[in-house]
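Chains, contacts and geometry: an overview
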Amino acid sequence: MNGAVRQVMNVRSVVLTAAALLVAIIAARADDGAIISRWYAALLVADRTELADLLADDVRIKLDDLGIVQGKQEFIASLDEWKGAVAGAAIRHRIEKSEGGVTTVIACYDFPNNDMLMQETFAVTDSRITASSQAAIAENCEDY
C-alpha cells in the first residue's frame, strides 16, 4: 500500500470512530430522556414500584425550596402524602439541556388549585437516577 492510500484509510477510520462515538452519545441522551419521561409519568400517579426501579439505591434527592435531602427509602415513604397532593394534577416537562450525565428539566406542575414552574436536574448512571434536585422558578406556569 502506498502512503496516500494508507492516509485515506486512517482518515476513514477516524471518521468512522467519531461517528460511532456520536451515535453512542445521542443514544445515551435519548435513554436519559426516556428515563426522565418515565419518572414524571410515575410521579404523577405516585407509582412506588416504578419510582423505586428508576432510583439508584444511593440516590440523593434535594428539594431546595424545602431544605430537604432524601434518600431512596425516605422518598418512597413520602409518596403517600404526595399521592393526595397530586390527585387531579398534570405535569408537563421539557428537557432544557443534557451534558456530562446531568439533564436539566423545566417542569410545570398543574395542581387543581395552583401551578408551579420548577427547574429540576437529574444525574443518570446505568439507567438509574443517582441524584436529583428541584427548585421553584415561578409560582405559576405562564413562562412554560
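What counts and how
Residues numbered from 1 in each chain as written. Predicted model: local features only at pLDDT ≥ 70, side-chain atom pairs only at ≥ 80, totals over all residues. Heavy atoms only, no water. Helix = DSSP H or I, 4+ residues; strand = E, 2+ residues; numbered from the N terminus. Buried < 20%, exposed > 50% of the residue type's maximum accessible area, 1.4 Å probe, protein only. Areas by Shrake-Rupley, 256 points an atom, 1.4 Å probe, with all protein chains shown as cover. Pairing = 2+ DSSP bridges. Axes fitted to C-alpha atoms, helices over the stretch in contact; angles between N-to-C directions. Polar contact = N/O pair within 3.5 Å; in protein donor to acceptor, adjacent residues only side chain to side chain. Contact = heavy atoms within 4.5 Å. Salt bridge = Lys/Arg side-chain N within 4 Å of Asp/Glu carboxyl O.

Here the focus is the overall build of the chain. Within the chain one finds four helices and six strands. Counting helices and strands in the order they occur from the N terminus, the chain gives α-α-β-β-α-α-β-β-β-β. Evaluated residue by residue, the chain yields a buried proportion of 33% over its 144 residues. Surface summary for the chain: the accessible area is close to 8800 Å², and the carbon and sulfur share equals 55%.

To continue, consider the sheet that holds strand β1 (residues 55-63). In spatial order, the strands read β2-β1-β6-β5-β4-β3; together these six strands make up an open sheet with mixed pairing. This sheet does not close on itself; its edge strands, each paired only once, are β2 (68-70) and β3 (90-99). Sheet twist, expressed as the mean angle between neighbouring strand axes with direction ignored, is 20°. With three bridges connecting them, β1 and β2 associate as antiparallel partners. Residue pairing across strands places Lys62 opposite Val69, the latter belonging to β2.

When β3 meets strand β4 (residues 102-110), the two strands line up antiparallel, connected through nine bridges. Each bridged residue has a counterpart across the sheet, and for Ser98 the counterpart in β4 is Thr103.

Another point: the environment of Asp32. Residue position: Asp32 is located in helix α1 (residues 3-44). Taking C-alpha positions, Asp32 is 6.6 Å from Val124, a pair spaced 92 residues apart along the chain.

Here Thr103 shows up in strand β4. By relative accessible area, Thr103 is classed as buried at 1%. Within the structure, Thr103 has its side chain in polar contact with the side chain of Ser98 (distance 3.0 Å). Excluding its chain neighbours within four sequence positions, the residues that come into contact with Thr103 are Asp32, Ile36, Ile95, Lys97, Ser98, Glu120, Thr121 and Phe122.

The final tally for this structure, using the stated rule, is eight salt bridges. Among the salt bridges present, the one from Glu50 reaches Arg38, with a minimum N-O distance of 2.6 Å. Here Glu50 is found in helix α2 (residues 48-54), whereas its partner Arg38 is found in helix α1, with 12 residues between them in sequence. For Glu50, a relative accessible area of 23% translates into the label partly exposed. Since its relative accessible area comes to 33%, Arg38 is described here as partly exposed. Among the salt bridges present, the one from Asp80 reaches Arg48, with a minimum N-O distance of 2.9 Å.

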